[in-house]
Amino acid sequence: GHFESVYPSRSDPSLLKFMCAELTRGYFLEHNEAKYTERRERVYTCMRIPKELERLMTFGMFLCLDAFLYVFTLLPLRMLLALLRFLTIPCCGLGGARLLQPAQVCDLLKGLIMILCFCMMHYVDYSMMYHLIRGQSVIKLYIIYNMLEVADRLFSSFGQDILDALYWTATEPKSRRRAHIGVIPHFFMAVFYVFLHAILIMVQASTLNVAFNSHNKSLLTIMMSNNFVEIKGSVFKKFEKNNLFQMSNSDIKERFTNFVLLLIVCLRNMEQFSWNSDHLWVLFPDVFMVVASEVAVDVVKHAFITKFNDLTADVYSEYRASLAIELLSSRQQNAYTDYSDSVARRMGFIPLPLAVLLIRVVISSVKIQGALASVCLLLFYLGLISLKVLNSVVLLGKSCKYVKQARMEQKLHERTAAATPSKSASRTPKHSHPPPGVERHVISVTKQPAPRAELITTCSPPLNPDPGHPPATPPTGVEAAEATAPPDSPELKQRFPKKDLLEIDRFTICGNRIG
């Protein structure tokens with residue numbers, strides 16, 4: 001029957017009739033319209049990926065730049081204000097007032113860490129490290145560079161925890177039970193971490209500098225080809241939307257760090273050639289090759305990840321709005337953390353080690369002598385402050401625009417409302433008693449914001465209310481059965497939805513990138 005439908009004339013089959021049938025037969029793609037429409041949409045999605053990805057990358061890099069400039073511009077001024085308060089309050093006789101606010105304590109700790117680490121970095125000889133690395137073979141340097149990348153991700157994943165532990169230990173209300181080893185041990189742990197991480201980044205910069213100055217450029221070519229190995233380790237893995245968000249944050253941090261490393265390499269090379277502008281054009285092709293390979297790898301990687309996991313290009317707009325909400329919520333009066341720390345948790349970008357190294361390289365490369373040089377330094381500092389303010393204002397405006405475009409205003413209001421009860425509760429009269437049946441919340445005199453989990457469970461509804469989640473009651477027979485059900489069961493998948501993008505506190509960098 002099938003043969004008759006294809007070749008209805010069975011009389012005298014011949015090669016000529018077969019060739020005529022093959023040359024004249026037709027088919028209609030519209031019979032499978034859904035399939036071909038889907039394939040066309042995939043092509044359009046891949047074509048949109050570079051634009052949407054670079055918009056996310058640009059916004060994220062300006063977020064990192066804002067946190068990085070904060071260390072050089074506003075942090076020293078905030079330290080001076082904290083020291084002024086520390087010196088003037090005892091002299092004014094304000095014994096009942098708190099000596100320093102929690103934010104001021106954190107600012108002083110950051111400044112002390114940077115000052116101590118900068119003094120320690122003076123004993124590290126950059127030139128000796130450069131010549132020590134230059135004496136190694138190409139293959140050994142390639143292995144060293146890969147090991148440094150892995151170590152940098154490990155340091156970043158654990159470093160912010162060390163700093164957060166120090167900040168909380170120093171500002172924790174004294175009325176609570178002592179459950180830590182003390183502020184001084186935490187402080188020395190933080191200093192030791194920042195110093196080691198700064199040395200690690202210095203070795204990375206020295207290795208990249210050796211690759212730039214090698215005669216045959218073989219080491220630089222091998223190091224750039226290592227970026228394409230990253231495609232093999234990422235493209236063929238299953239990624240959900242949250243996992244792709246984590247990878248995007250890590251790519252933003254990696255690209256910004258590479259730009260700072262390139263800046264350090266250019267400063268060191270320009271110093272060696274007595275700031276001859278002609279040598280800058282010699283470095284330009286290598287710098288362009290590093291940046292171009294990084295951008296190409298990111299575009300290809302994200303294009304195929306979205307293709308294989310059926311994700312649209314619109315997810316990057318959602319990621320951008322999530323970062324914008326993080327920025328806006330950290331600017332609120334009752335924010336839980338400093339903005340630079342929130343960027344560190346979200347992207348794994350810790351500005352302190354990178355800032356210490358950049359200050360060390362700039363001071364060793366640029367000699368400041370005379371009154372004119374001092375005036376130029378002051379103007380440069382004022383320019384940095386202007387750049388920081390301008391960047392912050394533009395980011396705030398763009399963040400409001402991205403949140404409105406993604407229609408995520410409600411999530412921003414929910415995150416802001418989570419901190420509101422602590423402010424209203426602090427205005428309650430001291431001897432007022434709560435009505436019967438209402439739990440009284442103890443507010444510390446330090447005005448330290450309450451933990452996020454307590455505020456969500458006691459003062460405000462959940463960030464993502466789900467009618468499938470019942471209130472906290474003793475488990476019934478159905479709940480007990482669900483507790484013993486396997487994790488892959490459809491009941492648990494339906495009952496517990498996926499974690500929202502805003503609930504990803506930070507990206508543990510070594511999770512998806514090292515493997």
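Basis of the calculations
Residues numbered from 1 in each chain as written. Predicted model: local features only at pLDDT ≥ 70, side-chain atom pairs only at ≥ 80, totals over all residues. Heavy atoms only, no water. Axes fitted to C-alpha atoms, helices over the stretch in contact; angles between N-to-C directions. Helix = DSSP H or I, 4+ residues; strand = E, 2+ residues; numbered from the N terminus. Parallel < 35°, antiparallel > 145°, perpendicular 65-115°, else oblique. Left-handed = near helix turned anticlockwise from the far one by under 90°. Contact = heavy atoms within 4.5 Å. Nonpolar A, V, L, I, M, F, W, Y, C, P; charged D, E, K, R; others polar. Salt bridge = Lys/Arg side-chain N within 4 Å of Asp/Glu carboxyl O. Patch = residues over 30% accessible without salt bridge, like charges linked within 9 Å, V, L, I, M, F, W, Y side chains within 5 Å. Areas by Shrake-Rupley, 256 points an atom, 1.4 Å probe, with all protein chains shown as cover. Phe/Tyr/Trp six-rings, centres within 6.5 Å; stacked < 30°, edge-to-face > 60°. Buried < 20%, exposed > 50% of the residue type's maximum accessible area, 1.4 Å probe, protein only. Lys NZ or Arg CZ within 6 Å of the ring centre and 35° of its normal. Disulfide = S-S within 2.5 Å.

**As for the packing of helix H3 (residues 33-72) against helix H15 (residues 371-405)**
Between H3 and H15, the least distance of the axes is 9 Å, while the angle of their chain directions is 140°. For the element pair H3 / H15, the angle class is oblique. Crossing of H3 over H15 shows left-handed handedness. For the pair H3 and H15, the contacting residues are Arg 55, Phe 59, Phe 62, Leu 63, Leu 65, Asp 66, Leu 69, Tyr 70 and Phe 72 in the first and Tyr 381, Leu 384, Leu 387, Lys 388, Asn 391, Ser 392, Leu 395, Lys 398, Ser 399 and Tyr 402 in the second. Per-class residue counts for the contact of H3 with H15 are 12 nonpolar, 3 polar and 4 charged.

**Focus on the pattern of salt bridges**
Taken as a whole, this structure holds 16 salt bridges when the rule is applied. Between Arg 48 and Glu 52 there is a salt bridge, and its shortest N-O distance comes to 3.9 Å. Within this pair, Arg 48 and its partner Glu 52 are both found in helix H3, separated by 4 residues, close to a single helical turn. By sharing partners, the salt bridges in this structure join Glu 54, Asp 251, Arg 255, Asp 298 and Lys 301 into a single network.

**Observations regarding a nonpolar patch on the surface**
Together, Trp 275, Val 362, Val 366, Ile 368, Leu 377 and Phe 380 make up a nonpolar patch on the protein surface, roughly 550 Å² of accessible area in all. In this structure, Leu 377 sits in helix H15.

**Structural notes on the packing of helix H10 (residues 241-272) against helix H14 (residues 351-365)**
It is the contact of H10 with H14, at a shortest axis distance of 10 Å, that shows an interaxial angle of 15°. With respect to their mutual orientation, H10 and H14 come out roughly parallel. Taken as a pair, H10 and H14 cross one another with a handedness that is left-handed. For the pair H10 and H14, contact is made by Val 260, Leu 263, Ile 264, Leu 267, Arg 268 and Glu 271 and by Leu 354, Leu 357, Leu 358, Val 361, Val 362, Ser 364 and Ser 365, respectively.

**Structural notes on unusual backbone geometry**
One non-glycine residue with positive phi stands out, namely Ser 274, at about 55°. When you line up the elements, Ser 274 lands in the loop between H10 and helix H11 (277-308). One non-glycine residue, Asp 310, lies in the positive phi region at around 55°. For Asp 310, the location among the structural elements is in the loop between H11 and helix H12 (315-330).

**Concerning the packing of aromatic side chains**
All chains considered together, the criterion is met by 12 aromatic pairs. Relative to Phe 188, the ring of Phe 187 lies with its centre 5.9 Å away and its plane at 70°, an arrangement referred to as edge-to-face. The exposure class assigned to Phe 187 is buried, which follows from its relative accessible area of 11%. Following the ring pairs from residue to residue traces out a cluster consisting of Phe 68, Phe 72, Phe 256 and Phe 349. Positioned above the aromatic ring of Tyr 402, the side-chain terminus of Arg 320 is 4.5 Å from the ring centre.

**A closer look at the state of the cysteines**
Counted under the stated rule, the structure contains 0 disulfides. Looking at the unpaired Cys 119, the closest cysteine sulfur is the one in Cys 117, lying at 9.3 Å. The exposure class of Cys 119 is partly exposed, given its relative accessible area of 40%.

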